[in-house]
Amino acid sequence: MNANLAERLAELPHLLSAHVILSMAALGCGIAVSVPLGILAAQRPGLSAVTLNIASVIQTIPGLALLALMVPLLGGMIGFWPAFLALLLYSLLPILRNTIVGLQGIEPQIREAARGIGMTRGQSLRQVELPLALPVIVAGLRTATVWVVGAATLATPVGAASLGNYIFAGLQTRNWLSVIFGCLFAAGLAIVLDQAIRWLEVAARDRRRGLAIGVGVFLALLITVSVMPRFVTFQGETANLSRVEASAAPGIAGETVVVGAKSYTEQYILASLMQRQLEAAGARVERLDNLGSTIAFDAVRTGEIDVYVDFTGTIWATVMNRPEPIERHRMFTEMSAWLWEEHGIMTLGRLGYENAYGFAMRRDRAAELEADSLDDLAPIADELEIGGDPEVFARAEWTATRDAYGLGAMRTRTMDATFMYTAVRDRQVDLITAYTTDGRIAAFDLAVLDDPLSVLPPYDAIILLSPQAAQRPGLADALAPLIGAIDEMMMREANRQVDMDGQTPAQAAAWLDAGISE
Amino acid sequence: MIDPAAPVLDIRSVGKTYPGGVEAVREVSLTLERGQLLALTGESGCGKTTLLKLINRLEDASGGLILYEGEDVASLDPVQLRRRIGWVMQGDGLFPHLTVLENVAIIPRLLDWNPERTRSRVADLLDMVGLPSAEYAERYPVELSGGQRQRVGFARALAGEPDLILMDEPFSALDPITRDGLQQEFRALQADLGFSAVMVTHDMAEALIMADQIAVMQDGAILQQGTPVELLQSPASDYVSGLLETPRRQMRAIRELGA
């Protein structure tokens with residue numbers, strides 16, 4: 001079996017179980033909220049109009065946006081809870097609507113018969129109306145199930161593990177096997193749950209107790225198997241830890257450290273590298289990958305993650321809102337002081353390389369336009385199209401560059417960072433906002449244009465520790481060997497190994513580690 | 001406790017005015033003797049169904065007094081009251097998701113009878129209405145003919161051993177032959193079990209054939225009450241004679257065919 005497939009399979013128990021727990025918790029609570037609400041609303045036309053309208057509005061919010069919105073609404077909390085809440089809201093409409101429609105669709109004569117023979121309101125509901133509306137309610141539940149299991153893949157960027165990790169990470173590292181893996185298992189899970197509910201309905205309708213028990217046992221097993229790995233791995237790792245404890249530095253052995261990563265190749269490699277260092281010191285490492293750019297900072301600020309890698313220029317422009325770039329060492333010093341005073345976040349140090357935004361073009365296209373620097377583009381800006389990742393055109397660096405060089409007439413096109421490099425290579429756009437450490441600049445023979453006015457701020461890679469992690473000297477000790485240890489050549493080569501050669505981020509991290517130890 | 005000589009139902013000056021001022025029932029007084037069948041008849045909208053619903057409090061009267069077995073129904077819990085009075089609807093009103101057995105056993109279960117008593121009562125009733133439980137108990141309403149469904153409806157209404165049953169157009173959805181057979185069977189059942197009944201019908205012939213007493217209603221009030229013979233011999237108004245004219249004409253027509 002190849003290494004890629006083996007690694008994907010190794011992640012499966014964790015991701016699949018996280019996905020099952022997340023979607024079943026959201027669905028379970030969704031049912032608990034929307035069925036009673038639907039019963040109440042079915043008897044009150046005013047209430048049913050209001051609740052259905054609210055649920056419809058929620059439904060029109062794109063899933064990714066709804067999930068992302070939960071993070072600020074929960075005060076910057078990331079992980080399970082914002083994902084759970086968003087999916088719960090997402091599940092409401094189909095169940096609520098079908099409960100109302102199902103109950104209102106019962107013939108008035110049947111309801112009158114129940115009342116006439118002496119049933120109370122509750123008996124009529126439980127013994128007559130709900131059983132008769134059941135097929136319609138179950139249809140809504142099945143719709144909700146398929147939606148929620150699908151939308152749960154979008155939980156990855158808010159820091160909740162799910163099968164979406166395969167999809168997001170695969171997309172960023174051009175690992176299509178990983179993307180397909182995520183899609184297949186998410187679709188498979190949706191189908192299995194949908195069918196389980198269908199069989200439960202058949203069992204209820206035909207009163208086949210054996211079938212109901214069978215499906216019930218299956219669902220219970222699914223939940224148990226999903227919840228189990230958490231405890232099993234925990235015990236296994238504790239056993240491992242007691243062995244290393246003796247040799248490890250005091251202060252961190254046996255402790256849990258949460259390492260965060262944004263959603264692109266370089267971040268996965270660096271997170272794996274930090275994981276290696278921390279595990280060597282005896283810590284138990286949990287990973288939170290694929291965090292959105294600002295979500296990662298929020299997460300370290302609130303202590304949801306202990307450590308991650310960011311860039312001086314990013315913090316400067318996006319977090320500190322300082323539009324004007326300054327000299328790189330002063331920026332590092334001022335930024336470190338600001339982070340410490342404002343948020344208690346510790347800047348452990350610079351890794352050594354710089355990963356700046358650069359404007360990259362095909363070398364032959366640059367020659368054709370006689371462009372060496374951004375200055376040369378101003379006169380022909382209206383003929384050019386620039387590609388960039390989803391966040392770059394919203395950042396201060398882009399507006400500053402655009403205004404400084406008079407590039408306002410240039411058409412912008414947003415795409416995933418993975419596709420930018422091939423897009424410029426294949427002449428689908430004229431230039432892109434590249435990352436200077438990306439291995440594909442050299443591989444595709446792209447030219448990076450000069451920035452004579454020094455508008456683009458410096459982007460030194462830095463390790464940030466949360467306020468809580470800053471109080472754990474053992475953690476800083478374990479990561480200290482990385483400071484100043486990675487230059488641009490090494491980082492670009494590591495990125496290239498993943499993006500071009502199909503290595504896993506963990507393999508690239510091992511290669512970096514070997515280089516550092518030499 | 002129950003006085004066998006006293007009327008089962010004693011309705012005194014009862015009225016029903018809906019919000020908005022529509023008077024559906026005005027100043028109605030009636031009595032129903034034990035074991036008898038009272039037919040409420042009249043044209044659509046005359047208030048006969050509303051009057052029926054006032055008895056088991058599916059609707060509450062605006063004025064007057066209704067005594068059931070000597071008790072003022074307004075002072076009773078409506079749910080408990082309805083469990084003591086059988087209820088048969090137009091169509092059948094059976095619950096489509098329950099079997100014949102479960103439909104009939106509903107009221108005994110609501111009344112918390114023990115399973116043994118429920119089982120034997122349901123079996124007896126199904127036999128009495130001509131649907132042997134061995135063959136029909138596990139069937140669903142959709143698997144029965146219209147007449148069979150109505151029989152299950154009767155069995156369900158009688159399951160709780162009520163001494164009064166209320167029926168709203170119980171035979172109107174059936175074809176004439178089934179209807180005729182079922183009307184006869186119902187009277188036989190009533191003679192066997194001794195319960196009293198109030199039946200709403202717009203079909204004067206049905207009222208004449210089945211009822212001990214007939215009350216003719218118009219605009220919420222009773223025009224005339226009496227036995228079928230009394231009505232036929234001395235109708236109180238042109239309106240009542242008009243209603244009686246249809247069955248009379250049919251009878252004449254059949255006789256003239258020369259039997």
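Refer to the structure above for everything that follows.
Our subject in this report is the structure included herewith.

1. Things to note about the overall build of chain A
Here comes step 1: Counting its regular elements, chain A contains 20 helices and ten strands.
Here comes step 2: Across its three principal axes, chain A shows a C-alpha extent of roughly 90 × 65 × 50 Å.
Here comes step 3: Out of the 518 residues in chain A, the part that is buried amounts to 52%.
Here comes step 4: Across chain A, the fraction of contacts at a sequence separation of at least 24, relative to all contacts at a separation of at least 6, is 76%.
Here comes step 5: Chain A carries 38 positive and 54 negative side-chain charges, and their two centres are separated by 13 Å.

2. What to know about the sheet that holds strand 6 (residues 385-388) of chain A
All names here are of chain A.
Here comes step 1: Spatial ordering of the open sheet is given by 7-6-8-5-9, a layout of five strands whose pairing is mixed. On the outer flanks of this sheet lie strand 7 (411-414) and strand 9 (446-448), each paired with one strand and no other. Going across the sheet, the axis of each strand differs from the next one's by a mean of 35°, ignoring polarity.
Here comes step 2: The sheet contact formed by strand 5 (residues 357-362) and strand 8 (residues 431-435) spans five bridges and is antiparallel. Bridging from a neighbouring strand, Tyr357 pairs with Tyr435 of strand 8.

3. So, the interface of chain A and chain B
Here comes step 1: The interface is formed by 17 residues belonging to chain A together with 23 residues belonging to chain B.
Here comes step 2: Roughly 1800 Å² is buried in total at the junction of chain A and chain B, and carbon and sulfur atoms are behind 59% of that figure.
Here comes step 3: For chain A, the biggest contributors to the area lost against chain B are A:Arg115, A:Ile117 and A:Arg207; these three give 34% of the whole.
Here comes step 4: Taken together, the connections running from chain A to chain B amount to one salt bridge.
Here comes step 5: Here A:Glu112 makes a salt bridge to B:Lys53, at a shortest N to O gap of 3.5 Å.
Here comes step 6: On inspection of chain A and its partner chain B, the count reaches six residue pairs in polar contact (both at pLDDT 80 or more).
Here comes step 7: Among the elements of the structure, helix 5 (108-116) and helix 6 (121-151) of chain A are those that each provide at least two residues to the side of chain A that touches chain B.
Here comes step 8: At seven residues, the largest contribution of residues to the side of chain A that touches chain B is made by helix 5 of chain A.
Here comes step 9: Here the side of chain A that touches chain B is built from residues that sort into eight nonpolar, six polar and three charged.

4. A word on helix 19 (residues 488-499) of chain A
Residues and elements named next belong to chain A.
Here comes step 1: With twelve residues, helix 19 extends 16 Å from end C-alpha to end C-alpha; this agrees with the ideal 16 Å at 1.5 Å per step.
Here comes step 2: Buried residues of helix 19: Met490, Met491, Ala494, Asn495, Gln497, Val498 and Asp499, and no others.
Here comes step 3: Lining the buried residues of helix 19 we find helix 7 (164-172), helix 10 (265-280), strand 4 (346-354), helix 17 (439-443) and helix 20 (505-517).
Here comes step 4: The N-capping residue of helix 19, defined by a side-chain oxygen 3.2 Å from the backbone nitrogen of Met489, is Asp487.

5. A few points about the packing of aromatic side chains
Residues and elements named next belong to chain A.
Here comes step 1: In this structure the tally under the stated criterion is 15 aromatic pairs over all chains.
Here comes step 2: Consider the rings of Tyr264 and Tyr435, whose centres lie 5.6 Å apart with planes at 10°: the pair is stacked. With Tyr264 in the loop between strand 1 (256-262) and helix 10 and Tyr435 in strand 8, this pair connects stretches of sequence that are 171 residues apart. Here the two residues Tyr264 and Tyr435 agree in accessibility, since each one is buried.

6. A closer look at the pattern of salt bridges
Here comes step 1: Applying the stated criterion to the full structure yields 43 salt bridges over all chains.
Here comes step 2: Where A:Asp403 meets A:Arg402, a salt bridge forms, and the shortest distance between an N and an O atom there is 3.3 Å.
Here comes step 3: Linking B:Glu23 and B:Arg26 is a salt bridge whose minimum nitrogen-to-oxygen distance equals 3.9 Å.
Here comes step 4: Taken together, the shared-partner salt bridges connect A:Arg328, A:Arg350, A:Glu354 and A:Asp460 into one network.

7. Quick notes on the packing of helix 12 (residues 312-319) of chain A against helix 13 (residues 328-343) of chain A
Residues and elements named next belong to chain A.
Here comes step 1: Close contact between helix 12 and helix 13 brings their axes to 10 Å; oriented N to C, the two are set at 60°. Accordingly, the angle class assigned to the pair helix 12 and helix 13 is oblique. Of the two possible hands of crossing, helix 12 and helix 13 adopt the one that is left-handed. Residue-level contacts link Thr312, Gly313, Ile315, Trp316 and Val319 of helix 12 to Met331, Phe332, Glu334, Met335, Trp338 and Leu339 of helix 13.
Here comes step 2: Along the lines of polarity and charge, the residues of the contact of helix 12 with helix 13 split into eight nonpolar, two polar and one charged.

Basis of the calculations
Residues numbered from 1 in each chain as written. Chains lettered and ligands numbered in written order. Predicted model: local features only at pLDDT ≥ 70, side-chain atom pairs only at ≥ 80, totals over all residues. Heavy atoms only, no water. Helix = DSSP H or I, 4+ residues; strand = E, 2+ residues; numbered from the N terminus. Buried < 20%, exposed > 50% of the residue type's maximum accessible area, 1.4 Å probe, protein only. Contact = heavy atoms within 4.5 Å. Lys, Arg positive; Asp, Glu negative; His and termini not counted. Charge placed at Lys NZ, Arg CZ, Asp CG, Glu CD. Pairing = 2+ DSSP bridges. Axes fitted to C-alpha atoms, helices over the stretch in contact; angles between N-to-C directions. Buried area = accessible area lost by both parts, 1.4 Å probe. Salt bridge = Lys/Arg side-chain N within 4 Å of Asp/Glu carboxyl O. Polar contact = N/O pair within 3.5 Å; in protein donor to acceptor, adjacent residues only side chain to side chain. Nonpolar A, V, L, I, M, F, W, Y, C, P; charged D, E, K, R; others polar. Expected span 1.5 Å × (residues − 1). Phe/Tyr/Trp six-rings, centres within 6.5 Å; stacked < 30°, edge-to-face > 60°. Parallel < 35°, antiparallel > 145°, perpendicular 65-115°, else oblique. Left-handed = near helix turned anticlockwise from the far one by under 90°.

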